[in-house]
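This is what each chain is made of:
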Amino acid sequence: MIIWLASYPKNGNTWLRSLISAYYYTKDGIFLGDNHLKNVQQFPVKKYLESFDYDLSIPGDTSRLWVLAQEKINEDRKIKFFKTHNALVKLGNNDFTNRVNSLGGIYIVRDPRNVLDSMSRHFQIDHDKALEVMQDKKNFTYDFKKKKDYSDYQFISSWELNYQSWKNNNLLPIKFLKYEDLLSETFFVFKEIIEFINKLTNNKSGFSREKAKNAVNTTSFENLKKIEESNGFSESIISREEKKKIPFFHLGPKNNWQKNFDEEFIEKLNNIFKKNLIELGYK
C-alpha cells in the first residue's frame, strides 16, 4: 500500500522525501542525492499509466485511471512512498485514492508568503502571477515541455484548498506538519514522522536514533546544495532566458518574505491569506 508524501509545490516536499529516503532506503541513514531520492517516485506521472488507454491531449483524462494505476502499483503488496502535489479530492467522479490503496500520508505546509517567492523564482514568473496561481482553485501542473501532452497531469488546486483537502480529510490518517517546525526542530519532528510511519505500517523495529541523526545531518539545506553543485539535481529546471539550469536549492531557510516584498504587497498578502495564517499559526 501507499504512504503519500504530499504538499503544494515549493512547500518542502523534496526535503521530506530526502529524509524518508535516507532513513528507509539506506543502511546507515546517509543521503547521497538523486540515487536515493529516486526511491520515492512521483504520482501521478506517465510511467504509471502506460498500460492504460487515455487521451493525453485532454487535461484531466488520466484522473479516471488514478485508482486503477494505484491498484497495479500495489499488486506486489509492498509498502511504498509516493510524492504528490495532487489535492486529495474528486475530479469529476474520479477519486485521487482510496482506503484500499493508501495507508495514510504526511503533508507538509509552508508559510504562503515564502511559498510565493519560491514559486516565482522556480517557475520564472513575477510575484503577481505567482499569487494568481496560488489562488487558482482549478490549477493543475503537467510537463510544460511537451505540447498537448497532459499525461503527467496533477490537479493541485489553490494553495489553500490543497492543504485543507489533506488536513481535513476523513479518508486517511495524515501527519500534518509545518516546514518551519521541521526546520527549527528537525530531529524531533523527524522522529515523530518515523513513529507515525512505523505505526501505520505496524513496523516493530523501533526508532534508530543514529540512523535518524545521519539522515538529518546529510539532508541539511547546506548539504543538499553542495550535492546539487557537485552532481546536479534532477528536479532543477532550465532558465528560459539564460538556457542553463536554475539551482533548485536557492535560499531555503533563508527565504524571508519580509525582505522579499514591499510593504504594499505584504499588506495585500496578509489580507488574502489572513484566515490561513491564523489557522496555521503564522504571524
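Rules used throughout
Residues numbered from 1 in each chain as written. Predicted model: local features only at pLDDT ≥ 70, side-chain atom pairs only at ≥ 80, totals over all residues. Heavy atoms only, no water. Patch = residues over 30% accessible without salt bridge, like charges linked within 9 Å, V, L, I, M, F, W, Y side chains within 5 Å. Areas by Shrake-Rupley, 256 points an atom, 1.4 Å probe, with all protein chains shown as cover. Salt bridge = Lys/Arg side-chain N within 4 Å of Asp/Glu carboxyl O. Lys, Arg positive; Asp, Glu negative; His and termini not counted. Charge placed at Lys NZ, Arg CZ, Asp CG, Glu CD. Helix = DSSP H or I, 4+ residues; strand = E, 2+ residues; numbered from the N terminus. Buried < 20%, exposed > 50% of the residue type's maximum accessible area, 1.4 Å probe, protein only. Pairing = 2+ DSSP bridges. Contact = heavy atoms within 4.5 Å. Axes fitted to C-alpha atoms, helices over the stretch in contact; angles between N-to-C directions. Right-handed = clockwise from strand over helix to strand, strands pointing away. Polar contact = N/O pair within 3.5 Å; in protein donor to acceptor, adjacent residues only side chain to side chain. Left-handed = near helix turned anticlockwise from the far one by under 90°. Nonpolar A, V, L, I, M, F, W, Y, C, P; charged D, E, K, R; others polar.

### Some remarks on a negative patch on the surface
Move 1: On the surface, Asp-262, Glu-263, Glu-264 and Glu-267 cluster together into a negatively charged patch.
Move 2: Turning to its location among the elements, Glu-263 is positioned in helix H12 (residues 263–272).
Move 3: On the accessibility criterion, Glu-263 (70% relative accessible area) is exposed.

### Comments concerning the sheet that holds strand E1 (residues 2–6)
Sheet strands pair by backbone hydrogen bonding; their relative direction is either parallel or antiparallel.
Move 1: Read from one edge of the open sheet, five strands run E2-E3-E1-E6-E9, paired in parallel fashion. Because the sheet does not close on itself, it has two edges, and the strands there are strand E2 (41–42) and strand E9 (174–178).
Move 2: Inspection of the sheet shows E2 paired to strand E3 (residues 80–84) by two bridges, in the parallel sense. Paired with Gln-41 across the two strands is Phe-82, which belongs to E3.
Move 3: Docked against the sheet, helix H6 (residues 159–167) engages E1, E3, strand E6 (102–109) and E9, running at close to 140 degrees with respect to E6.

### Focus on the pattern of salt bridges
Move 1: Enumeration according to the criterion identifies 11 salt bridges in this entry.
Move 2: Between Glu-279 and Lys-167 there is a salt bridge, and its shortest N-O distance comes to 3.4 Å. Of the two residues, Glu-279 sits in helix H13 (residues 274–280) while Lys-167 sits in helix H6, which places them 112 residues apart along the sequence.
Move 3: Using a relative accessible area of 35% as the deciding quantity, one classes Glu-279 as partly exposed.
Move 4: You can call Lys-167 partly exposed: its relative accessible area is 34%.

### Notes on the pairing of E6
Move 1: Counting buried positions over the eight residues of E6 gives eight, a clear majority of the element.
Move 2: Where E6 meets E9, five bridges bridge the pair, whose relative direction is parallel. Looking at E9, one finds that Ile-106 is bridged to Lys-175.

### Notes on the pairing of E3
Move 1: Taking burial as the measure, the five residues of E3 include five buried ones, the bulk of the element.
Move 2: Residue alternation in E3 divides its side chains into two sets, Lys-80, Phe-82 and Thr-84 and Phe-81 and Lys-83, and both sets are buried.
Move 3: Both E1 and E3 contribute to a ladder of five bridges, which runs parallel. Bridge pairing in E3 places Trp-4 opposite Phe-82.
Move 4: Traced from E2 through helix H3 (residues 66–73) to E3, the parallel crossover comes out right-handed.

### Focus: the side chain of Thr-97
Move 1: Tracing the backbone through its elements, the reader meets Thr-97 in the loop between strand E5 (94–95) and E6.
Move 2: At 2.6 Å, the side chain of Thr-97 and the side chain of Gln-70 are in polar contact.
Move 3: Here the side chain of Thr-97 touches Ser-102 through a polar contact of 2.6 Å, side chain to side chain.
Move 4: When sequence neighbours within four positions are dropped, the list of residues in contact with Thr-97 reads Trp-4, Val-67, Gln-70, Leu-88, Ser-102, Leu-171 and Leu-172.

### Quick word on the packing of helix H4 (residues 112–122) against helix H5 (residues 127–135)
The geometry of a pair of packed helices is captured by two quantities: the angle between their axes and the separation between those axes.
Move 1: Two numbers describe how H4 lies on H5: the axes approach to 9 Å, and their chain directions differ by 120 degrees. For the pair H4 and H5, the sense of crossing is right-handed. Touching Pro-112, Val-115, Leu-116, Asp-117, Met-119 and Ser-120 of H4 are His-127, Ala-130, Leu-131, Val-133 and Met-134, all from H5.
Move 2: In terms of residue class, the contact of H4 with H5 is built from eight nonpolar, two polar and one charged.

Shape is all these values report; function is a separate question.
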